[in-house]
Amino acid sequence: MKESKKKQARLITEREEMRTQPASQKFDFINAEKPPESLIKDNNILNFILDTLDDPIYVMDENYRHIYLNEKSCKVWQRDWEDLINKSIFELYDEETAKKLKKDDDLVFEKGITVENDLHVDLHGEKFVFSISKSLLTDSQKNKKYIVGVCRDVTDRYNAES
């Protein structure tokens, strides 16, 4: 019991230290061998939350590659995470769809605006309509940009309105 309280106090201290550190001194996930325990826990909680949502969520880099996908994304694609991660839109969609997505993505990357559109797509022999919202996420320390996309399956609503 005492050990548990010590561990909890240490985690709280680590978290408070991180909050008060300048951005230049915050933990570097990419180059570190092992992140602090509190950050692992926070990351696990965040992944749990994102995986319980009923909407596909993804993060894409400037090469149009998916660097994060939640579980719902995999279910929609009916593919394993390993088959989707690091794949570009050109590897996942037909050419016409990929070009349309790239056009929207370029607006987000270049102008920093949020783009919302409906996407009509055939996946594994079924037609879907997704309402997609794409926003810019910038890592100013590394001078990198990412797109965070949230999709909502609006196929039933679209079919009812047609």
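Worth saying up front: this structure is predicted, and the values here are computed from it rather than measured.

Turning to the overall build of the protein, a few remarks are in order. Helices and strands together make up the secondary structure of the protein, namely seven helices and five strands. Counting from the amino terminus, the protein carries its helices and strands in the arrangement α-α-β-β-α-α-α-α-β-β-β-α. Residues counted as buried form 31% of the 162 residues belonging to the protein. Taking all contacts inside the protein whose residues are at least 6 apart in sequence as the whole, residues at least 24 apart take part in 37%. When the accessible surface of the protein is totalled, it reaches about 11300 Å², and 49% of it is carbon and sulfur.

With that settled, the discussion passes to the confidence of the model for the protein. For the protein, mean pLDDT is 81; residues scoring 70 or higher make up 73% of the total. Contacts for the low-pLDDT stretch residues 18-32, under 50 throughout, to residues beyond four places or in other chains number 16 contacts.

By the definition in use, this model includes four aromatic pairs. Both rings, one in Y64 and one in F90, keep their centres 6.3 Å apart while their planes meet at 85°; by these two values the pair is edge-to-face. Placement of Y64 in the loop between β1 (57-60) and β2 (66-69) and of F90 in helix α5 (residues 89-92) is noted, with a sequence separation of 26 residues between them. Residue F90 is classed as partly exposed on the basis of its relative accessible area, which comes to 43%. A ring pair is formed by W77 and Y93, whose centres lie 5.2 Å apart and whose planes are at 70°; its orientation type is edge-to-face. With W77 in helix α3 (residues 71-77) and Y93 in the loop between α5 and α6 (95-111), this residue pair connects regions lying 16 residues apart in the sequence. Of the two residues, W77 and Y93, neither departs from the other in class, the shared state being buried. One aromatic cluster is present, built from ring pairs that chain together Y64, F90 and F109.

Evaluation of the coordinates by the stated rule reveals nine salt bridges. For the salt bridge of D55 with R152, the shortest nitrogen-to-oxygen distance reads 2.5 Å. One end of the pair, D55, is in the loop between α2 (37-52) and β1; the other, R152, is in strand β5 (residues 144-153), with 97 residues separating them in the sequence.

Strand order across the open sheet formed by five strands is β2-β1-β5-β4-β3, with antiparallel pairing between neighbours. This sheet does not close on itself; its edge strands, each paired only once, are β2 and β3 (115-123). Each strand axis lies, on average, 30° off the axis of its neighbour in the sheet, ignoring direction. Bridge count between β1 and β2: three bridges; the pairing is antiparallel. Residue pairing for β2: Y58 is matched across the bridge by L69. Here α6 sits on the sheet and contacts β1, β3, β4 (126-139) and β5; the angle it forms with β3, its principal contact strand, is near 160°.

Turning our eyes to something else, we now look at the nonpolar core. Ranked by size, the top nonpolar core spans 25 residues in total, and within it I89, Y93, V121, L123 and F130 carry the most contacts. Broken down by secondary-structure element, the contributors of at least two residues to this core are β1, α3, α5, α6, β3, β4 and β5. Counting five residues, the second largest nonpolar core, distinct from the first, contains L50, V59, Y68 and Y146.

All right, on to unusual backbone geometry then. Unlike most non-glycine residues, Q78 shows phi in positive territory, near 55°. Note that Q78 resides in the loop between α3 and α4 (81-84). Phi angles above zero are rare outside glycine, and H124 is one such case at about 45°. By the element assignment, H124 lies in the loop between β3 and β4. Exposure remark for H124: the relative accessible area of 35% places this residue in the partly exposed category.

Thresholds applied
- Residues numbered from 1 in each chain as written.
- Predicted model: local features only at pLDDT ≥ 70, side-chain atom pairs only at ≥ 80, totals over all residues.
- Heavy atoms only, no water.
- Helix = DSSP H or I, 4+ residues; strand = E, 2+ residues; numbered from the N terminus.
- Buried < 20%, exposed > 50% of the residue type's maximum accessible area, 1.4 Å probe, protein only.
- Contact = heavy atoms within 4.5 Å.
- Areas by Shrake-Rupley, 256 points an atom, 1.4 Å probe, with all protein chains shown as cover.
- pLDDT = per-residue confidence, 0-100.
- Phe/Tyr/Trp six-rings, centres within 6.5 Å; stacked < 30°, edge-to-face > 60°.
- Salt bridge = Lys/Arg side-chain N within 4 Å of Asp/Glu carboxyl O.
- Pairing = 2+ DSSP bridges.
- Axes fitted to C-alpha atoms, helices over the stretch in contact; angles between N-to-C directions.
- Core = buried A, V, L, I, M, F, W, Y, C linked by side-chain atoms within 4.5 Å.

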